[in-house]
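# Chain and residue survey
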Amino acid sequence: MRMTPRRLAIGMTLWIPNLFSGIRVKRFSPDWTSATVELHVNAFTRNYVKTAFGGSMSAMTDPYFFMLVRHQLGRDHIVWDTRGEIAGRCTSARSAARHPRTDRHAARLAASVQRTTS
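Residues numbered from 1 in each chain as written. Predicted model: local features only at pLDDT ≥ 70, side-chain atom pairs only at ≥ 80, totals over all residues. Heavy atoms only, no water.

## Some remarks on the packing of aromatic side chains
Counted under the stated rule, the structure contains 2 aromatic pairs. Between the aromatic rings of Phe28 and Trp32, the centroid separation amounts to 5.6 Å while the plane-to-plane angle is 55 degrees, which identifies the pairing as tilted. In this pair, the class of Phe28 matches that of Trp32, namely buried. Clustering of aromatic rings is evident, with ring pairs tying together Phe28, Trp32 and Tyr64. (Phe/Tyr/Trp six-rings, centres within 6.5 Å; stacked < 30°, edge-to-face > 60°. Buried < 20%, exposed > 50% of the residue type's maximum accessible area, 1.4 Å probe, protein only.)

Structure follows, in structure tokens:
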């Protein structure tokens, strides 16, 4: 079965760590250039000072960049997610992350990989 953006969004929303962290994947664009992910902050998903738990914020950002790049570059490339960094704070009941990737970014990544392997 072929992985489509819609199937991946549904699967990632129902994935147990995301489901119980209040993370909902709203959509992956059909061309894999963007993703929209929401974090619902409530009594179960907030920290001691009533803001979003940092681990949940990382979980709503880090893997999606990796997935977009992987699908844009295709199976000919191996994509590793080695490091992530976020800065910000979530004080509202809902926080959204948008992960835009363009074809230009993917082409630049593919070119840099080709240069390092030749």
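## Regarding the environment of Thr33
Here Thr33 is to be found in the loop between β1 (23-28) and β2 (35-40). When the C-alpha atoms of Thr33 and Leu68 are compared, they prove to be 6.4 Å apart, with 35 residues separating the residues in sequence. At 2.7 Å, the side chain of Thr33 and the side chain of Asp31 are in polar contact. (Helix = DSSP H or I, 4+ residues; strand = E, 2+ residues; numbered from the N terminus. Polar contact = N/O pair within 3.5 Å; in protein donor to acceptor, adjacent residues only side chain to side chain.)

## Quick look at the pairing of β1
In this structure, β1 lies alongside β2, joined through 5 bridges in antiparallel fashion. Along β2, the bridge assignment pairs Ile23 with Leu39. What sits between the antiparallel neighbours β1 and β2 is a turn of 6 residues, in which Trp32 has the positive phi angle 60 degrees. (Pairing = 2+ DSSP bridges.)

## Comments concerning the environment of Ile10
One can find Ile10 in helix α1 (residues 5-14). A relative accessible area of 40% means that Ile10 is categorised as partly exposed. Residues Ile10 and Phe28, 18 residues apart in the sequence, show an inter-C-alpha distance of 9.9 Å.

## A look at the side chain of Ser29
Relative to the helices and strands, Ser29 resides in the loop between β1 and β2. The class for Ser29 is buried, based on a relative accessible area of 5%. Within the structure, Ser29 has its side chain in polar contact with the side chain of Asp31 (distance 2.9 Å). A distance of 2.9 Å separates the side chain of Ser29 from the backbone nitrogen of Thr33, its partner in a polar contact. Beyond its immediate stretch of four places on either side in the chain, Ser29 contacts Pro5 and Ser34. (Contact = heavy atoms within 4.5 Å.)

## A look at the confidence of the model for the protein
When pLDDT is averaged along the protein, the result is 78, and 75% of the positions lie at 70 or above. The secondary-structure element of the protein with the lowest mean pLDDT is strand β3 (residues 94-98), recorded at 60, while α1 shows the highest, at 94. (pLDDT = per-residue confidence, 0-100.)

## Details of helix α4 (residues 62-73)
Taking 1.5 Å of rise per residue, 12 residues should cover 16 Å, and α4 covers 18 Å from first to last C-alpha, within 8% of that figure. Restricting attention to buried positions, one finds in α4 the residues Tyr64, Met67, Leu68, Val69, Gln72 and Leu73. Directly after α4, the chain includes Gly74, whose backbone phi takes a positive value near 90 degrees. (Expected span 1.5 Å × (residues − 1).)

## Comments concerning unusual backbone geometry
In this model, Trp32 sits at a positive phi of 60 degrees, which is unusual for a non-glycine residue. Within the fold, Trp32 resides in the loop between β1 and β2.

## Here's the deal with α1
Of all the residues in α1, the buried ones are Pro5, Leu8, Ala9, Met12 and Thr13. Buried residues along α1 cover an arc of 130 degrees about the axis, so they all sit on one side. Seen from the buried face of α1, the exposed residues on the opposite side, beyond 90 degrees, are Arg6 and Leu14. The secondary structure elements touched by the buried residues of α1 are α2 (16-21), β1 and α4. (Arc of directions from axis to C-beta.)

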